[in-house]
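# Structural overview
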Amino acid sequence: AIKHLMIAQKALNNNPPLMIRTLMYLISAHSALKEYEQALSLINYAAARYPQVPDFRFLEGNIYIEQKRYQKAVEMFTECLSIGEYKGIANIIAGTGSYKARYMIAFCYEKLGQLHNAVQEYTKLLIAKPGYGQVFRKLFEIFVKNETPETVREFFDKYVEKANPANFAILAQLYLDIG
């Protein structure tokens, strides 16, 4: 796959939307093969050429997560937030300049044992994107394990979209999971 993607990369120099997608595939292929130096080199090239596309730094952050370099990953995902969402016509990964980057920052803080920071980031995300079930589950997983049921309920009442019955089911399942 890498060989064919490299051929495509050379041929697509004058087509930015396809070049962006090809570079993302090439970076992902190197990452999947754990060829991190090649992937990081391509990321630096792509990010310099297309600085308005947060996807490249997002992929870099994912490499750092694979390497368990969570603080470095936080830096990359924070950079994604500062870039913001891409407004062009290229087929990119939705959310890398916003909610997905914030989710990954919270995830990294959780891995670093910085639960307070993780909860802050998950909460910001829950407020900004109330229907994002994955963040709801992660946030309440932390709360249910570390807080009293009353505190969990207060948070639930303050921040959770109550029009969505799935949120009640998720919370119930979390309580069942911990016994």
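We now turn to the structure provided with this report. Not measured: the values here are computed from a predicted model.

Of note, Thr-123 is situated in helix H7 (residues 115-128). Residue classification places Thr-123 among the buried positions, given a relative accessible area of 10%. Sequence-distant contacts of Thr-123, that is, excluding residues within four places in its chain, are made with Leu-139, Phe-155 and Tyr-159.

For the rest of this paragraph, the subject is the packing of aromatic side chains. By convention here, two paired aromatic rings are described through the distance between centres and the angle between planes. All chains considered together, the criterion is met by nine aromatic pairs. Among the aromatic residues, ring-to-ring pairing joins Tyr-99, Tyr-103, Tyr-122 and Tyr-132 into one connected group. One Lys or Arg, Lys-129, reaches over the ring of Tyr-99 and ends 4.4 Å from the middle of that ring.

Okay, the nonpolar core next. Residues Phe-56, Phe-77, Tyr-122 and Phe-140 are the most contacted members of the largest nonpolar core, which totals 58 residues. Sorting elements by how many residues they give to this core places helix H6 (residues 99-111) first, with eight residues. Once residues within four sequence positions are removed from consideration, Phe-56 is found in contact with Ile-20, Leu-23, Met-24, Ile-27, Ile-43, Ala-46, Ala-47 and Tyr-50.

Before going further, it helps to examine the pattern of salt bridges. By the definition in use, this model includes six salt bridges. Note that Arg-57 is salt-bridged to Glu-60, the shortest N-O span being 2.5 Å. Of this pair, Arg-57 and Glu-60 both sit in helix H4 (residues 55-66), three residues apart, roughly one helical turn. Of the two residues examined, Arg-57 and Glu-60, each falls in the buried class. Note that Glu-121 and Lys-124 form a salt bridge whose closest N and O atoms lie 3.4 Å from each other. Remark: Lys-124 and Glu-121 occur in helix H7; sequence separation between them is three residues, near one turn of the helix. The class of Glu-121 is buried, set by a relative accessible area of 10%. Residue classification places Lys-124 among the partly exposed residues on the basis of a relative accessible area of 45%. One connected set of salt bridges, linked through shared partners, spans Arg-57, Glu-60 and Glu-79.

Moving on to the packing of helix H2 (residues 16-32) against H4. It is the contact of H2 with H4, at a shortest axis distance of 11 Å, that shows an interaxial angle of 5 degrees. On the basis of the axis angle, H2 is roughly parallel to H4. Between H2 and H4, the contacting residues are Ile-20, Leu-23, Met-24, Ile-27, Ser-28 and Ser-31 on the first element and Asp-55, Phe-56, Leu-59, Ile-63 and Glu-66 on the second. When its residues are assigned to classes, the contact of H2 with H4 shows seven nonpolar, two polar and two charged.

What follows is about unusual backbone geometry. The backbone of Lys-34 sits at a positive phi, close to 60 degrees, despite the residue not being glycine. Within the element layout of this structure, Lys-34 appears in the loop between H2 and helix H3 (36-49). With relative accessibility at 56%, the residue Lys-34 sits in the exposed group. A positive phi angle, near 60 degrees, is found at Lys-68, a position not held by glycine. Looking at the secondary structure, you find Lys-68 in the loop between H4 and helix H5 (70-83).

Here we come to the packing of H6 against helix H8 (residues 133-146). Running from amino to carboxyl end, H6 crosses H8 at an angle of 25 degrees, the nearest separation of the two axes being 11 Å. In terms of orientation, H6 lies roughly parallel with respect to H8. Like other packed secondary-structure pairs, H6 and H8 cross with a definite hand, here left-handed. Residues Tyr-103, Phe-107 and Glu-110 of H6 form the contact with H8, whose own contacting residues are Gln-134, Val-135, Lys-138 and Ile-142. The residue makeup of the contact of H6 with H8, split by class, is four nonpolar, one polar and two charged.

Rules used throughout
- Residues numbered from 1 in each chain as written.
- Predicted model: local features only at pLDDT ≥ 70, side-chain atom pairs only at ≥ 80, totals over all residues.
- Heavy atoms only, no water.
- Helix = DSSP H or I, 4+ residues; strand = E, 2+ residues; numbered from the N terminus.
- Buried < 20%, exposed > 50% of the residue type's maximum accessible area, 1.4 Å probe, protein only.
- Contact = heavy atoms within 4.5 Å.
- Phe/Tyr/Trp six-rings, centres within 6.5 Å; stacked < 30°, edge-to-face > 60°.
- Lys NZ or Arg CZ within 6 Å of the ring centre and 35° of its normal.
- Core = buried A, V, L, I, M, F, W, Y, C linked by side-chain atoms within 4.5 Å.
- Salt bridge = Lys/Arg side-chain N within 4 Å of Asp/Glu carboxyl O.
- Axes fitted to C-alpha atoms, helices over the stretch in contact; angles between N-to-C directions.
- Parallel < 35°, antiparallel > 145°, perpendicular 65-115°, else oblique.
- Nonpolar A, V, L, I, M, F, W, Y, C, P; charged D, E, K, R; others polar.
- Left-handed = near helix turned anticlockwise from the far one by under 90°.

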